[in-house]
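Observations on the model geometry
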Amino acid sequence: IGDEAFYECKALTTVKTSDLGIRTIGTRAFYGCSALKTIKLSSNLTEIGEKAFEKCSSLESIELPSTLKTLKEGAFNGCVALKSVNIPAALTELWFAFDGCTSIESFNVSEDNQAFMSIDGVIYTKDGTTICSYPCGKKDKTFIQFTKTRMCVLLLLIPLLMMLLQSIKYTRANEEVDEDVDLIS
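Residues numbered from 1 in each chain as written. Predicted model: local features only at pLDDT ≥ 70, side-chain atom pairs only at ≥ 80, totals over all residues. Heavy atoms only, no water.

**A short note on the pattern of salt bridges**
Applying the stated criterion to the full structure yields 3 salt bridges. A salt bridge links Asp 120 to Lys 138; the shortest N-O distance between them is 3.5 Å. Of the two residues, Asp 120 is situated in the loop between strand E9 (116-119) and strand E10 (122-125) and Lys 138 in the loop between strand E11 (131-133) and strand E12 (142-146); the sequence distance between them amounts to 18 residues. Overall, the relative accessible area of 54% leaves Asp 120 in the exposed class. (Salt bridge = Lys/Arg side-chain N within 4 Å of Asp/Glu carboxyl O. Helix = DSSP H or I, 4+ residues; strand = E, 2+ residues; numbered from the N terminus. Buried < 20%, exposed > 50% of the residue type's maximum accessible area, 1.4 Å probe, protein only.)

**Overview of unusual backbone geometry**
Phi is positive for Glu 8, which is not a glycine, with a value near 50°. By the secondary structure assignment, Glu 8 is in the segment before strand E1 (14-16). On the basis of relative accessibility, which here comes to 36%, the residue Glu 8 falls in the partly exposed class. Of note in this structure, Lys 51 is not a glycine but carries a positive phi near 55°. Mapped onto the elements of the fold, Lys 51 is located in the loop between strand E4 (47-48) and strand E5 (70-71). Take Lys 51: its relative accessible area is 33%, and that puts it in the partly exposed class.

**Comments concerning the packing of aromatic side chains**
Under the defined criterion, the tally for this structure stands at 6 aromatic pairs. Ring geometry for Phe 53 versus Phe 76: centroids 5.2 Å apart, planes at 5°, classification stacked. Linking Phe 53 in the loop between E4 and E5 with Phe 76 in the loop between E5 and strand E6 (84-87), this pair joins segments that are 23 residues apart in sequence. Residue classification places Phe 76 among the buried positions, given a relative accessible area of 0%. Ring centres of Phe 98 and Phe 107 lie 5.1 Å apart, and the angle between their planes is 55°; this geometry places the pair in the tilted category. Grouping residues by exposure puts Phe 98 and Phe 107 together as buried. What links up through ring pairs into an aromatic cluster is the set Phe 6, Phe 30, Phe 53, Phe 76, Phe 98 and Phe 107. (Phe/Tyr/Trp six-rings, centres within 6.5 Å; stacked < 30°, edge-to-face > 60°.)

**Concerning the side chain of Ser 133**
With respect to the helices and strands, Ser 133 occurs in strand E11. For Ser 133, a relative accessible area of 13% translates into the label buried. Excluding residues within four positions of it along the chain, Ser 133 makes contact with Phe 98, Phe 107, Val 122 and Ile 123. (Contact = heavy atoms within 4.5 Å.)

**Some thoughts on the pairing of E10**
When E9 meets E10, the two strands line up antiparallel, connected through 4 bridges. Its bridge partner being in E10, Ser 118 is matched across the sheet by Ile 123. Hairpin remark: E9 followed by E10, antiparallel, with 2 residues in the connecting loop; positive phi at Asp 120, about 55°. (Pairing = 2+ DSSP bridges.)

So this is what it looks like as C-alpha cells:
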C-alpha cells in the first residue's frame, strides 16, 4: 500500500488486506483515518511505514502478522483506543511506534522473538538492558527495570520532589534573590 494511499479517509472503518499478499504499508498510508476500528493485515506483511496508522483514534485492536519485521517510527502513534499489542517473533526493528497510545496497558512479545522481550507488559531489548516501549495506559505507580544480572527499582519520587519544591524560596522579579537559599531543608 503506497504512501498516503488512504490519508485522512475519515469514513473508513475496516481494512482487510489478508488475501492480497501485501508486503509493505507505506508512510502515512492510513494517517488520520479516525473511524478505522478493525484491520486484518496480510500474512505476507514485513513492514509498516512511518506514521502509517497515526491518529487512527478509533482503532481498538491490531493483530500484527508473524512475518512483520519492521515497525517504523510513529506507526501507531495517537491510536488512543488501542488496548494491547502482541509483538511477533519476526519483528527486529521497533521505532517509537506507539507514542500517545494512552489506552495500551501492556505489550506482549513472542517468546521466540530474538530482538525483544516483554516483562510486565514493557518492551525491552532481548538482553534486558534497554526499554524500547512503555505502555502509556499502564496503571502502575512504580516502575521496575529487570536485567539478567540485577533488578533495579525506580520509585516515583513525588514526595521528595514536593519537599524540594516547597523548600525553594520564590522571589518576585523586582526583589533581590538571597544567594544562600537552601534547596533541601
